[in-house]
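The chain contents come next:
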Amino acid sequence: MSAINATEEQHNARAFSTLVPPAQEAAIYQTMARST
């Protein structure tokens with residue numbers, strides 16, 4: 001993963017965490033981890 005992608009993912013994670021409850025956020029991350 002390049003530094004640009006990592007920074008973008010961190011930004012997206014911070015923005016996302018303000019919108020999604022923790023349990024749903026965890027489920028989404030688990031799904032993304034399985035898909036890669």
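Our subject is the structure listed above.
Residues numbered from 1 in each chain as written. Predicted model: local features only at pLDDT ≥ 70, side-chain atom pairs only at ≥ 80, totals over all residues. Heavy atoms only, no water.

J.: So, the overall build of the chain: which residues are in play, and what are the values?
T.: When helices and strands are tallied, the chain shows two helices and zero strands. Residues counted as buried form 6% of the 36 residues belonging to the chain. Counting only carbon and sulfur atoms, one obtains 62% of the accessible surface of the chain, whose full area is about 3,100 Å². (Helix = DSSP H or I, 4+ residues; strand = E, 2+ residues; numbered from the N terminus. Buried < 20%, exposed > 50% of the residue type's maximum accessible area, 1.4 Å probe, protein only. Areas by Shrake-Rupley, 256 points an atom, 1.4 Å probe, with all protein chains shown as cover.)

J.: Would you mind going over a nonpolar patch on the surface in detail, with residue names and values included?
T.: A surface patch of nonpolar side chains, amounting to about 250 Å² of accessible area, comprises Ile 28, Tyr 29 and Met 32. Summarising the element assignment, Met 32 is placed in helix α2 (residues 22-35). Classification of Met 32 by relative accessible area gives partly exposed; the value is 43%. (Patch = residues over 30% accessible without salt bridge, like charges linked within 9 Å, V, L, I, M, F, W, Y side chains within 5 Å. Salt bridge = Lys/Arg side-chain N within 4 Å of Asp/Glu carboxyl O.)

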